[in-house]
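Summary of the model geometry
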Amino acid sequence: MPSVFETSSAAIPITFVTRSGWDAVRETLTPAQCQFATASAFTAKPGGYLALPAPDGAIAQILFGLEDDEARSRDLFRPGALPGLLPPGIYRFANAPHDARLAALAFALGCYRFARYRKADRPDVRLVPPDGVDVAEIDRIADAAMLARDLINTPSNDLGPAELAAAAQDLAAEFGASFACTIGEDLAKNFPLIHAVGMASDRAPRLIDIGWGNPAHPKVTLVGKGVCFDTGGLDLKPSSGMLIMKKDVGGAANVLALARMVMDAKLKVRLRVLIPAVENAVAGNAFRPLDIFSSRKGITVEIGNTDAEGRLVLADALALADEDKPDLLIDLGTLTGAARVALGPDLPPFYTNDETLAADVARCAVKENDPLWRMPLWPAYDAWLDSKTATITNAPSGGFAGSIICALFLQRFVEQAKSWLHVDIYGWTPSAKPARPEGGECQAARAIYALLSERYA
């Protein structure tokens, strides 16, 4: 996407106002502007917007309401609502919002429109970058976030495993990375769980493998769940649960977004990206409840529920990643409804036994306004995965601690990585918020990128 940033001496000022600071701002206005603000009932409430006229009828400045500094909750992305409010033109921040860098990023993210299937004009607005803000970095993050949004928003008839692989291949080519794809008999032999989940679809499952960077640098491997559509399999979802299952590609989309940031920033890592790309379909050859499959790691898995397919495809990909003994292994996936029940759509849980990594992830999540919340890999629940006929089951009966059980299942396939991070994302914004339109969302990738930038710049 073209950059929203532009330098201009004629930019229209945007003045950020809080309720407690409104009186002070009013004193800087002309009597006519004060009267106009009063007539417009502008009270500086968060999200409040007012274009003040100049004597010649042009826009003199924009007033935009933010939360007070002492407010219990502040939306640092609130300036992301501005692109949808402003008339065409070039603007600048006349004073400091709560966080100028995040406000500039929010402004860029707020310009996003998904226009593949219907006309949706991008807001014709530009922003003079605030002093001290790294424009290249903001553009890098925004472009990656929009890649994730585009992939998730694309309906599954136009984004199956082959199309997801093509998008990954295009990204690899853009940055001179290697690209490989395992499919067919090779997949069935070497990645039996990925094959089992995807074999009922007429769109063949595959494992995408991207490599980039100096082999002498620390190994960082990203694994993303690429279920391009999830019917639930023979444990069929109800129509309400199936409606937005195009978003089940969200783990892969966000891993590709994260990879884009890493490669564009030229971080000093040996990056590997693994994406099991499948469609969980219903057909006569679909995998069934109580079927048993071996995995790449040799662990046999009894199918307790065909709708717990994401952990199956991730398991084989994690096993391959683990064989490489990476310094840091990260997986992202839209995995459990239990995570949404516990934490809602905006706050994905993450899991790790690395205390330093956990603290760094939590700190970067706050810093980047990319919320994450640590949940425990609770050892006492590990026995719940036991099966009477296989090594483990993918979905124990009972329904307790669903997100934790999924994380413990995946942990069985990670032994040699020096550090492992698992994130159970939602990948979707149910209702529009500033800088976050309804639809596919980039979750966790920005926080993790900040972490990687600190460690491997």
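Residues numbered from 1 in each chain as written. Predicted model: local features only at pLDDT ≥ 70, side-chain atom pairs only at ≥ 80, totals over all residues. Heavy atoms only, no water.

1. Quick notes on the pairing of strand β8 (residues 219–224)
Most of β8 is tucked away, with five of its six residues classed as buried. For β8 and strand β10 (residues 270–280), the ladder comprises five bridges, and the chain directions are parallel. Residue pairing for β10: L222 is matched across the bridge by V273. Strand direction decides the pairing type here: β8 and strand β13 (residues 328–333), joined by five bridges, are parallel. For G224, the partnering residue across the bridge sits in β13 and is L332. (Buried < 20%, exposed > 50% of the residue type's maximum accessible area, 1.4 Å probe, protein only. Helix = DSSP H or I, 4+ residues; strand = E, 2+ residues; numbered from the N terminus. Pairing = 2+ DSSP bridges.)

2. With respect to the pattern of salt bridges
Under the defined criterion, the tally for this structure stands at 30 salt bridges. In this structure, E441 engages R149 in a salt bridge whose closest nitrogen and oxygen atoms are separated by 3.1 Å. Pair noted here: E441 is in the loop between β19 (439–440) and α14 (445–456) and R149 is in helix α4 (residues 135–153), with a separation of 292 residues, a long-range link. Here E441 falls in the buried class, since its relative accessible area comes to 8%. What makes R149 buried here is its relative accessible area of 1%. Taken together, the shared-partner salt bridges connect D360, R363, K367, E454 and R455 into one network. (Salt bridge = Lys/Arg side-chain N within 4 Å of Asp/Glu carboxyl O.)

3. Topic: empty space enclosed by the protein
Summed over the entire model, instances satisfying the criterion amount to one cavity of 30 Å³ or more. Here the largest cavity is characterised by a volume of approximately 30 Å³. Every residue lining the largest cavity is listed: L66, D75, L76, P79, P97, H98, D99 and A103. Here the residues of the lining of the largest cavity are counted per class, giving five nonpolar, one polar and two charged. (1 Å grid on protein atoms, 1.4 Å probe; cavity = no way out; pocket = protein on both sides within 12 Å on 5 of 7 lines; lining within 4 Å. Points joined across faces, edges and corners; volume = space filled by probe spheres on them. Nonpolar A, V, L, I, M, F, W, Y, C, P; charged D, E, K, R; others polar.)

4. Brief notes about the environment of C364
Assignment of secondary structure puts C364 in helix α12 (residues 355–367). Between the alpha carbons of C364 and V125 there is a distance of 29 Å; along the sequence they are 239 residues apart. Non-local contacts of C364, meaning those with residues more than four positions away in its chain, are made with A447, A450, L451 and E454. (Contact = heavy atoms within 4.5 Å.)

5. Side note on the sheet that holds strand β4 (residues 89–93)
Read from one edge of the open sheet, five strands run β2-β3-β1-β4-β5, paired in mixed fashion. Two strands in the sheet have a free side with no partner beyond their single neighbour: β2 (49–53) and β5 (125–127). For this sheet, the mean angle separating the axes of adjacent strands, direction not counted, is 30°. Bridge count between strand β1 (residues 12–17) and β4: three bridges; the pairing is parallel. Counted as the bridge partner of I14 is F93 from β4. (Axes fitted to C-alpha atoms, helices over the stretch in contact; angles between N-to-C directions.)

6. With respect to the side chain of D322
Along the chain, D322 falls in helix α10 (residues 310–323). Here D322 is buried and forms no salt bridge, its nearest opposite-charge partner K297 lying at an N-O distance of 4.4 Å. The residues contacting D322, other than those within four sequence positions of it, are K297, F413, V414, E415, Q416 and A417. (Lys, Arg positive; Asp, Glu negative; His and termini not counted.)

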